[in-house]
Amino acid sequence: MEKNQVHIIRKKIAGLLHDVPDPEIPIISIVDLGMVIDIRPENGHWRIDLAPTYSGCPAIDVIPLLVKASLHEAGFGDAHIEMEISPPWSTDWISDLGNQKLLDYGIAPPNGKAADQEYEGKPRNCPQCGSTDTELISNYGGTPCKASYKCLTCLEPFEYFKCF
Amino acid sequence: MEAKVKYLLHLADNPLILGQRIAEWCGHGPVLEQDIALTNTSLDLIGQARLLFQYISSLPGQSTNEDKLAMTRYENEYLNLLLTEQPNKNFGHTIVRQFLYDTFNLLQYQALAEHTDEKLSGIAVKTLKEIKYHYRYSSEWVIRLGDGTEKSHAYIQDAFNELWRYTGEFFAMASYEKELKEEGYSIDSSLLEPEWKNRVLAITTKAGISIPANEVMLLGGKEGKHTEHMGYILTELQYMQRTYPEMNW
């Protein structure tokens, strides 16, 4: 395939993947989550490398299916999807847009870089009212990637996407 | 069976069986937050087991898959530590079992993260991130309950008294580990004991818990010889695959 052609198709596939949502947090796409590592031609078909988030995340089996379905519809039925665990996915790979979407959705995005701290850190502020006066309820939440917090100003509970 | 496959099965069976055990808490946790915490830990562990089973299935000469490995072997083919199959009993007991395992697992995976087998070290680096959280969770709860009420203290102390005898197995090398150690494939788990003990004592001291002395250690899980609890857990784990062989979701 011509270099120019590869570039055009890669952009097209990347565009399609931008519309594949995370099944657990549908407001954010798998691209904004930083799960798409590579898109390249290989042995006559397209290969997409995805990074799983948490090892046991229930979305781990659903995401490749969603990707396959989306690519199939666009005529890339023979695309090959691989889960690549090394190097491990990190919240540092979430895009700025992804973090903004999380916040708009009511989830406090990761505060700071995972690489700079031993554990998950604390939310910068309450996604509802913006107060910095918040309190941890539990290090675990509705999905493996989140912790449960409450805001001591507006008294609303909220979830914090842990630095990981 | 090849020693390497046995070793990898041992590494996979620990999180599989412990993950299945903790999953029994789903819907039964003492409070909602802890129910969720335990269930999340179970998910992590089963995810870790899957990565290892997938790796084993991909090795040359293996005509199997992750479901078959996880759910259709006989009891004596499972090579998990005896500790991981012990019943949940109560929340404190579950926490102590988790703490003893997490402390060992943290050290074990730190060593595996440096492994020359890139596939295995990749899995270790990935899962180590999760194991660190398990370790923090269980050690915090040992302190909180051990240093809590008279009743919570008694539960934690009882659990240490009962479960301590299963900890010697962490450091007793199985036949396949000894064989692989010479090739440099298996880590020397006996070397992890001093650091494990330091870490355990640091937490039990804070929790006001005493460690049983001169306990006779029970071994065998790593060689496929299990306690009476194993049959029951496998019955539940294997039910669907035994009833509908090779079923798929």
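Positions within a chain are numbered from 1, following the residues in the order the chain's sequence is written. Whichever chain is written first is A, and whichever ligand is written first is 1; the rest continue in order. Reporting of local features is limited, given that this is a predicted model, to residues whose pLDDT is at least 70; pairs of side-chain atoms are given and counted only at 80 or more, and all residues count toward the totals for whole chains, interfaces and linings.

Caption draft 1: Fine view of the sheet that holds strand S1 (residues 36–42) of chain A. Residue and element names in this part refer to chain A. Read across the open sheet, the three strands follow the order S1-S2-S3; overall the sheet is mixed. Of all the strands in the sheet, the pair left with one neighbour each is S1 and strand S3 (80–83). The sheet shows a mean angle of 20° between the axes of neighbouring strands, taken without regard to direction. As judged from the four bridges shared by strand S2 (residues 45–50) and S3, these two strands associate in the parallel manner. Of the residues in S3, the one forming a bridge with Arg 47 is His 80. Sheet contacts for helix H1 (residues 3–17): S1 and S2; angle to S1, the most-contacted strand, approximately 140°. Strands qualify as paired when DSSP identifies two bridges or more between them. Strands here mean DSSP runs of E at least two residues long; helices mean DSSP runs of H or I at least four residues long; both are numbered from the N terminus. Think of each axis as a best-fit line through the C-alpha atoms, taken over the contacting stretch in the case of a helix, with angles from 0 to 180 degrees between the N-to-C directions. Any residue pair is listed as a contact if its two C-beta atoms, each placed from the backbone, are within 7 Å.

Caption draft 2: Up close: the packing of helix H6 (residues 118–146) of chain B against helix H7 (residues 150–163) of chain B. Residue and element names in this part refer to chain B. Interhelical geometry of H6 versus H7 gives an angle of 130° and a closest axis separation of 7 Å. As far as their axial angle goes, H7 and H6 are oblique. Along the contact surface, H6 presents Val 142, Leu 145 and Gly 146, while H7 presents Ser 152, His 153, Tyr 155 and Ile 156. Any residue that is not Ala, Val, Leu, Ile, Met, Phe, Trp, Tyr, Cys, Pro, Asp, Glu, Lys or Arg is counted as polar, Gly included; the first ten are nonpolar and the last four charged. When the residues that make up the contact of H6 with H7 are grouped by side-chain class, the tally is four nonpolar, three polar and no charged. When an angle is under 35 degrees it counts as roughly parallel; over 145 it counts as roughly antiparallel; between 65 and 115 it counts as roughly perpendicular; any other value is oblique.

Caption draft 3: Broad picture of the interface of chain A and chain B. Facing the 15 residues of chain A at the interface are 20 residues of chain B. For the side of chain A that touches chain B, a count of residues per class yields eight nonpolar, seven polar and no charged.

Caption draft 4: Highlighting the nonpolar core. Residues and elements named next belong to chain B. Ranked by size, the top nonpolar core spans 96 residues in total, and within it Ala 12, Leu 52, Val 96, Val 142 and Ile 156 carry the most contacts. The greatest single-element share of this core, amounting to eleven residues, is contributed by helix H5 (residues 91–112). Excluding anything up to four places from it in sequence, Val 142 contacts Ile 95, Val 96, Phe 99, Ile 156, Ile 203 and Ala 207. What makes a nonpolar core is a set of buried Ala, Val, Leu, Ile, Met, Phe, Trp, Tyr and Cys residues, with links drawn between C-beta atoms within 7 Å. Neighbour counting defines burial: a residue surrounded by 20 or more other C-beta atoms within 10 Å of its own C-beta is buried, one with 12 or fewer is exposed, and intermediate counts give partly exposed, using backbone-placed C-beta atoms.

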